[in-house]
Amino acid sequence: MQIMITDIVITQHPVSASVPLNYTLTLSCRAIGSSTLQYQWFQSENEEVPGGNLPDLVIAAKKTQVYICRVNDQYSNCVFSEWVKVKVWDILRPAVPVTWTGEPQIVVHPGSLTVKHGEELKLQCTAFGIPAPHYQWYKNGIPVQGETKELLMIKNADKDHNGTYLCSVSNVLEETWTEPADVNIVFPDKATAKRYYATDKVAILIGNLNYSNHPNLIAPMIDVHELANLLQQLGFRVVSLLDLTKQEMLSAIDAFLQLLNRGVYALFYYAGHGYECSGRNYLVPIDAPQPYRRENCLGVQRVMQSMQEKHTALNVVLLDTCRKWYNQGCVPSEIRSLAPLGNTVYGYATSEDAEAYEVQDGERSSGIFTKYLNKHILLPEKVTHVLDQVLEDLGRDPLITGRQVMEIKHTLKDPRALTDDFCNTGHTVELQLRNLYWRQANELPERRLLSFACGVEVELSFFALFSNVMIMYATVKRTPPTAMDCSVNLRSIPVSALCWGRPEGGYR
């Protein structure tokens, strides 16, 4: 008896994989149907893989990516395979054997640690595998409930976390185990616990909202203003700037770098349009043309490199901007790597290839990331712990569930906090030069009294709303008895552009 097939049935779904960079991988999909079948692979919901119209898709793994295969027949029926993820690891290890068939290969084993009570405990295991391996962590031979990822992370370690840890790595082909890692939780002597100090604290905040060739934003102006006030409460010298061209951004960053020396806590914040290319983040000046191109924008990693070259004690970069992938085929800007200093923190408003959103509540607009950043930034905790709380609040916000997930990257080895006290011992010369430069950069015009022939006297006073936005007040101080009416109108020549504009887009 012959069975008649009227529907398309997928008999073999592709499988997820974890492979080294540049590994040649084949994803396979098989189906049966009542007529000739056609295949089309996609690397996102709507992006077809060029040339991906065969049951087998051969790729050279360059970056972590998701894939799905559509199968259709001549009657316009179609079905989709399961989504799969190809995770790519750029790890300096010997290449997998030529005869490798996909069994788990552990390339990063967890290492033994001594962790202070209340601090963060992290154990890392990384493995290649086709299908992608499953992880299960064990402590003293007992499975740790819910710990089934490459990274085992415990935020507040206590004595119950003492022990020997192992990770089981398996797929349908084989199971293997990591080397054991001993974890020792210690209680520091509060009387002798090391304290950390800043010789100075300097922050630059840039908010771009009125763009010549891209949708305008609303939130950066308020976000920069509020964050500047909070950082000043922590003792930061704050340079806050709005609507900068590329040349103005370069000049502002150069001036910011002049304020950095050994022992300084440096913070760089940007709110506005941005994008990501080949793992590098780029900030979009207000005069950047369309489309986004590297030569018209500023590379964040280059800014961080310049900060590190000043031998600062802490470097924090906070980016409230999109990280959508653009121009992935371009050659990224070349940056000479520095020795690992263990003092860098990146706080990204969103994850790779995702957007960062701003919301409007009545008359008030703010970036969601900066909203929660401002809520926690005054906490006297290690800066990475502060960002962890921002991440948790962001994850609970129903407005962006499934759309925006914050990301934190850091090499911070010391528990430094933005609330740390100052200590200038041994750095007085640098401090005096910094004070002089700071006074020159923030000098405002003095109050002045204008006298007119009609007998009216008007006083002008000046206030810096931002470092590049000055407000001038005019007050009528004296009017003659013969005056029937007296009012003052101020205008600038040429006319200044307003620093607030109407939004044309809801994301950055």
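Presented here is an overview of the structure given in this document. The model shown is predicted, which means the values in this text are computed figures rather than measured ones.

The next subject is empty space enclosed by the protein. For the coordinates displayed, the defined rule picks out one cavity of 30 Å³ or more. By volume, the largest cavity is sized at about 50 Å³. As for the largest cavity, its lining consists of Leu267, Val316, Leu318, Leu373, Ile377, Val383, Val386, Leu387 and Leu418. When residues of the lining of the largest cavity are traced back to their parent elements, those giving at least two are β26 (314–320) and α5 (383–396). In terms of residue count, α5 provides more of the lining of the largest cavity than any other element does, three residues in total. Grouping the amino acids of the lining of the largest cavity by side-chain chemistry returns nine nonpolar, no polar and no charged.

Turning to its location among the elements, Lys201 is positioned in strand β20 (residues 200–207). No salt bridge is formed by the buried Lys201, whose closest oppositely charged neighbour, Asp421, lies at an N-O distance of 6.3 Å. At 2.7 Å, the side chain of Lys201 forms a polar contact with the backbone oxygen of Asp420.

Along its 13 residues, helix α2 (residues 246–258) runs 19 Å from first to last C-alpha, staying within 8% of the 18 Å computed at 1.5 Å per residue. Taken residue by residue, α2 has Met249, Ala252, Ile253, Phe256 and Leu257 as its buried positions. One side of α2 carries all its buried residues, which in axial view fall inside an arc of 140°. Projecting away from the buried face of α2 at angles above 90 degrees are the exposed residues Gln247 and Gln258. Looking at the buried positions of α2, the neighbouring elements they touch are β20, β21 (237–242), β22 (264–271), β24 (280–283), β25 (298–299) and α3 (300–308).

Scoring rules and cut-offs
- Every chain is numbered independently, its residues counted from 1 as its sequence is written.
- In keeping with the predicted nature of the model, local features appear solely for residues at pLDDT of at least 70, side-chain atom pairs appear and are counted solely at 80 or more, and the whole-chain, interface and lining totals rest on all residues.
- To obtain the side-chain values, all non-hydrogen atoms of the structure were used and water was disregarded.
- We place a 1 Å grid over just the protein atoms. Points where a 1.4 Å probe fits but has no way out form a cavity, open points with protein on both sides within 12 Å along at least 5 of 7 lines form a pocket, and any residue with an atom within 4 Å of a point lines it.
- Grid points are joined across faces, edges and corners, and a volume is the space filled by probe spheres set on the points.
- Numbering of helices and strands runs from the N terminus, with a helix taken as a DSSP run of H or I at least four residues long and a strand as a DSSP run of E at least two residues long.
- Note on residue classes: Ala, Val, Leu, Ile, Met, Phe, Trp, Tyr, Cys and Pro are nonpolar, Asp, Glu, Lys and Arg are charged, and everything else, Gly too, is polar.
- Three exposure classes are used, based on accessible area relative to the maximum for each residue type with a 1.4 Å probe and protein chains only: buried under 20%, partly exposed in between, and exposed over 50%.
- In this tally, Lys and Arg are treated as positive and Asp and Glu as negative; His is ignored, and so are the chain termini.
- By salt bridge we mean one thing: a side-chain nitrogen of Lys or Arg within 4 Å of a carboxyl oxygen of Asp or Glu.
- Counting of polar contacts relies on pairs of N or O atoms within 3.5 Å, with two restrictions inside protein: one atom must be capable of donating a hydrogen and the other of accepting it, and residues adjacent in sequence are counted only when both atoms are side-chain atoms.
- What a helix is expected to span follows from its residue count: subtract one and scale by 1.5 Å.
- The arc in question is the one traced by the directions running from the helix axis out to the C-beta atoms.
- In what follows, residue pairs with any heavy atoms lying within 4.5 Å of each other are defined as contacts.

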